[in-house]
Amino acid sequence: MADGSGFIGFDRLRRSISGELFDDGFTRGRYATDASIYQMMPHAVVLPKTIADIEATIAFCREQGMALLPRGGGTSQCGQTVNHALVLDNTKYLNSILELDVENRRCVVEPGIVLDELNRQLKPHGLWFPVDVSTSSRATIGGMTANNSCGGRSIRYGIMRDNVLAIDAILADGSHASFGAYDPAAAKPAGRLGEILPDLLALGETHGDEILSSFPKVLRRVGGYNIDSLIPDAMALRPDGKAGDGINLAHLLVGSEGTLAYSTAITLKLSPLPARKVMGLCHFPTFYKAMDAAQHLVTLDPVAVELIDSTMLDLARSISIFRPTVETYIKGKPAAILVVEFAEEDPAENTHRLAALETMMADLGFGWDKPAAFTGGTVILTEDNDQARISEMRKSGLNIMMSMKTAAKPVSFVEDCAVALPDLAQYTDKLTRIFTKYNTTGTWYAHASVGCLHVRPVLDMKNADDVAAMRGIAEDAFKLVKEYGGSHSGEHGDGIARSEFNEVMFGTKMATLFRQVKQMFDPQDIFNPGKITNAPKMDDRSLFRFSPGYKIDDFPTRLNWDAWPGKAGGLQGAVEMCNNNGACRKLDGGVMCPSFRATRDERDSTRGRANSLRLALSGQLGPAALASDDMADTMKLCVSCKACKRECPTGVDMARMKVEVTALRTEAKGLSLHDRLVAHLPDYAPYAAAIAPLIRLRDIVPGLAWLSEKITGFSARRPLPRWQRRWFRNHELPNTPADKSSSATVKPPVLLFIDSFNRYFEPENIRAAVRVLQAAGYDVFTPMPDGSKQPLCCGRTFLSTGMIDRARHEANRLVNAMAPLAKLDIPIVGLEPSCTLALRDEIPALLKSKDAFAVADATLTFEELLARDKPKLPLKSGNAKALLHGHCHQKAFDAVRPIEEVLSWIDGMAVEKIETSCCGMAGAFGYGADTFDVSMKMANATLLPKIRDSASDTVIIADGTSCRCQIKDGTAREAKHVAIILDEWMKATDNIKKDN
């Protein structure tokens, strides 16, 4: 039973619950880590659907003497959500609002609801839950409650403890209990709570003085158990001097890290949505001066003062999604930024406070025209969009810091120590000296308003010397924090990283009281043992993700991974970039990760796949795991949207990793008929187009679609794309640019890359694009490969099925034909986003040649070329409404904005961009019989409902072939490529013939 493999009792538990239970190695491995440095393999994972499932699981663990670990988003920094236990994942099913009382500003929620989802549902009522943690897109209320989370605006709204009113819970003996404000006149609770309540009250009464004197007097103290909640109101004073709210037993569970009970329902205090916010970006020439200024800036009563240091700014500049933010809003090269936010009801008051902020910065000696030691000032942001971009970058601070492509990474263990604001500058200076003592540096960001900075020394957890340094830094840092009367845990709790230091920080008597509380609630030590009390050593390497036996076997990879360190040509380092922070689990905004949004299964998140790859690469999932059926299932629903390449701040490129893994499986097991038909589409396309009417019978004659599904694996529930007999031939265009010497008028040449999908399925798009480009004044041509009649191809269909050698062959043909032209600065322009952008991404990774990079540098999408050159097109004006759906790869390469710019040239066309994730078609993905349902679930999340709700004369615009097919199949509406739109809106000219 040490690791749970094949545990004999799980079949009985599986039969007794309505939810799901998994005890296979792959699933367990995906739950073995959180966002900390630790890894502990669980026995099994249960996804409960009902409270009865929870009761059955607790009873099972009690009978078996097995540990139990409730888990939300799995984003804990200190190892709270890993254990050798049976894991209860609440996020898939137990994620609803149970009650909402708008008038009294409170709600009751299930533990698995994600903070952003809760706030989306509260927003129409003018309310929100204001504990706005940086992981709000995936953090659950249950996890935040267990961790006593804080958020960036805690100076105004308080932390979880201040905003949790009551908790309904199940105790280790199976009894239910309601925890809330204690009423001495009320009847004694039933069950275990009623039994231990007198002892709990006696503990608070007897040891009140000890408790109050031992807890640090800072706003951010989340270490240990909140046993001060057992002290009557007359004795309990908050660190800010305000009177406490009496005994509230729920606050004993807040911050208990799942060690005392399982929360089934949590009652929250809600707040009115803040009024229009304003923001000031205070620039400082040195880190010390920024820290010293914090104590002064908070006197202006902001709702937040957040730190961004130069390391974070430099890393953000290297990340495509954040580079424009830094370039737009950061002035010069500051050593630190303090982001000061005001949100008063009266807009005039916000304006007044911004002015006071600028005055205070000047009074402190800073100015843009001052000498280097005092160069600084304030950049004012009053627009919501501008503020949102800065807030998103700040909230992604952890992931940005973890984007370092080195073996050493910023490590969390002294991350969120908190001290009083007057001590902040000296504390950070002395902490920096501690880092220097151990030959490392630290990264800094987060909550300057409350003296709680996220600081991480850069260490390599595979290196024994660095592990020893971690221990030394922890001991020295906690000693320093105690000298300042601070808290060693100001936000991220205890977990494995800090629980062992609770006795050092709080004293032996307090540690004894913590153990007594744990014993009262959980005498069998079932709930998440080893956290807060009876903890292991924080540097026990057997508990590390990279334990002493961790090893990656070297093997030749098929793609280029040399930007990362480690074995397998750098693939190891690329996979290990995943820090488990879980940004891929967001359910709204951006694209990542469409399959997780559809299934809510950890397996289908970028994090889940990266963990499976890491465990397989290191041999922890058995031999040949990379090519196994389990790995194929892990990768199956990845639609290769590339969103993680852009939206994962650590740059985990799962689309490229899927190609590598698929190639291994193809080599080991070969291809199915379905995969062969996908891969070789460019080869048989001319023949299929020639018999197009015959192929269409498949979708006309009853029974043929069903038969073809059984034979080929293409879903009978969807028509196949329609081959066109009049497909685009290369002779329709010149194959070389015009001879400049033969014409007095020199037109700029453009190489039009013609992809297989538009060539054979929608040639009208190509012909329209040619007319538009010619009207724009370009000399349009398309090259022929030397010695072959086979048209050029990007090789994408071969890549998607793991046929790397054939894909490389096609890439070489393409590069050999295009590189000489690219070196003449002739732009290469394509219409199909996935194929065009393959020239910028996959082909350089395949070939690793200067010619391939020359082609990549010259490649533009159709709209990028037009937006860059801004030619004068003869466009008509008129009134029209349009909905624009961006292809995933366009979003990944920030190529949607050029589309919006080009469409804005049409006078009278109002274009609305549909904020969607993947359309769900994703090439051949949506045609698979086994992936059709997930494909439609992705499409029906946002895209198809938005189109169905639009007026019948609304123009639907989508550049992706697969996107257009999905829209037509799901709504019976025709979507058009931008080239078609521009062609339709061009005025008739004498020299351009429209003949499709």
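Residues numbered from 1 in each chain as written. Predicted model: local features only at pLDDT ≥ 70, side-chain atom pairs only at ≥ 80, totals over all residues. Heavy atoms only, no water.

Caption draft 1: Fine view of the nonpolar core. If you look at the biggest cluster of nonpolar residues, it comprises 152 residues, and the most contacted ones within it are L338, F413 and M470. When residues in this core are grouped by element, the largest group, 10 residues, is from helix 35 (residues 804-822). Those residues within four positions of M470 in sequence are excluded, and the remaining contacts are I37, V411, F413, L459, M461, M538, D539 and F544. (Core = buried A, V, L, I, M, F, W, Y, C linked by side-chain atoms within 4.5 Å. Buried < 20%, exposed > 50% of the residue type's maximum accessible area, 1.4 Å probe, protein only. Helix = DSSP H or I, 4+ residues; strand = E, 2+ residues; numbered from the N terminus. Contact = heavy atoms within 4.5 Å.)

Caption draft 2: Quick peek at the environment of G29. Locating G29 in the fold gives a position in helix 2 (residues 25-30). Sequence-wise, G29 and F546 are 517 residues apart; in three dimensions their C-alpha atoms are separated by 14 Å. Not counting chain neighbours up to four residues away, the residues in contact with G29 comprise M41 and L615.

Caption draft 3: How the structure looks around the pattern of salt bridges. On inspection of all chains with the given rule, the structure shows 67 salt bridges. With its nearest N and O atoms 3.4 Å apart, the salt bridge here joins E344 to R353. In this pair, the class of E344 matches that of R353, namely buried. The closest approach of N and O atoms between R813 and E810, which form a salt bridge, is 2.6 Å. With R813 and E810 both in helix 35, this residue pair falls 3 residues apart, about one helical turn. Each member of the pair R813 and E810 is classed as buried. Connected via shared salt-bridge partners are K642, K645, D653, R656, R796, D841 and E842. (Salt bridge = Lys/Arg side-chain N within 4 Å of Asp/Glu carboxyl O.)

Caption draft 4: Summary view of helix 14 (residues 347-363). In this model helix 14 runs 24 Å from its N-terminal to its C-terminal C-alpha over 17 residues, within 8% of the 24 Å that 1.5 Å per residue would give. Contacts made by the buried residues of helix 14 are with helix 6 (154-157), strand 12 (278-284), helix 11 (287-297), strand 14 (336-342) and strand 15 (377-381). The first or second residue beyond helix 14 is G365, which carries a positive phi of 105°. (Expected span 1.5 Å × (residues − 1).)

Caption draft 5: The arrangement of the environment of A807 in detail. Its location among the elements puts A807 in helix 35. Take A807: its relative accessible area is 0%, and that puts it in the buried class. With 14 residues separating them along the chain, A807 and C793 place their C-alpha atoms 9.0 Å apart. With residues up to four places along the chain from it excluded, the contact list for A807 reads G795, F798, L799 and L846.

Caption draft 6: Broad picture of the packing of aromatic side chains. Enumeration over the complete set of coordinates arrives at 17 aromatic pairs. Between F10 and F60, the aromatic rings sit 5.8 Å apart at their centres with planes inclined by 35°, giving tilted as the arrangement. Taken together, the positions of F10 in helix 1 (residues 10-16) and F60 in helix 3 (residues 51-64) put the pair 50 residues apart, joining distant regions of the chain. Judged by relative accessible area, which is 0%, F10 ranks as buried. Arranged with centres 6.4 Å apart and planes meeting at 85°, the rings of Y427 and Y484 form a pair that is edge-to-face. One end of the pair, Y427, is in helix 17 (residues 424-437); the other, Y484, is in the loop between helix 18 (464-483) and helix 19 (495-499), with 57 residues separating them in the sequence. For the residue pair Y427 and Y484, the accessibility class agrees, reading buried in each case. Grouping aromatic residues by their ring pairs yields a cluster made of Y684, W723, W727, Y760 and F761. Here the basic side chain of R221 rests over the ring of F215, its NZ or CZ set 3.6 Å away from the ring centre. Positioned over the ring face of Y927 is R718, at 5.6 Å from the centre of the ring. (Phe/Tyr/Trp six-rings, centres within 6.5 Å; stacked < 30°, edge-to-face > 60°. Lys NZ or Arg CZ within 6 Å of the ring centre and 35° of its normal.)

Caption draft 7: Examining the sheet that holds strand 19 (residues 749-753) more closely. Strand order in this open sheet of 4 strands is 20-19-21-22, and the pairing throughout is parallel. Each edge of the open sheet is held by one strand with a lone partner, namely strand 20 (779-781) and strand 22 (859-861). The sheet shows a mean angle of 35° between the axes of neighbouring strands, direction not considered. One ladder, built from 3 bridges, connects strand 19 with strand 21 (residues 828-830); its direction is parallel. When the bridges of strand 21 are listed, L751 appears paired with I828. Across the face of the sheet, helix 38 (residues 850-858) comes into contact with strand 21 and strand 22 while running at roughly 30° to strand 22. Contacts between helix 39 (residues 862-869) and the sheet are confined to strand 19, strand 21 and strand 22, with strand 22 contributing the most and set at about 95° to the helix. (Pairing = 2+ DSSP bridges. Axes fitted to C-alpha atoms, helices over the stretch in contact; angles between N-to-C directions.)

Coordinates in, geometry out; function isn't part of it.
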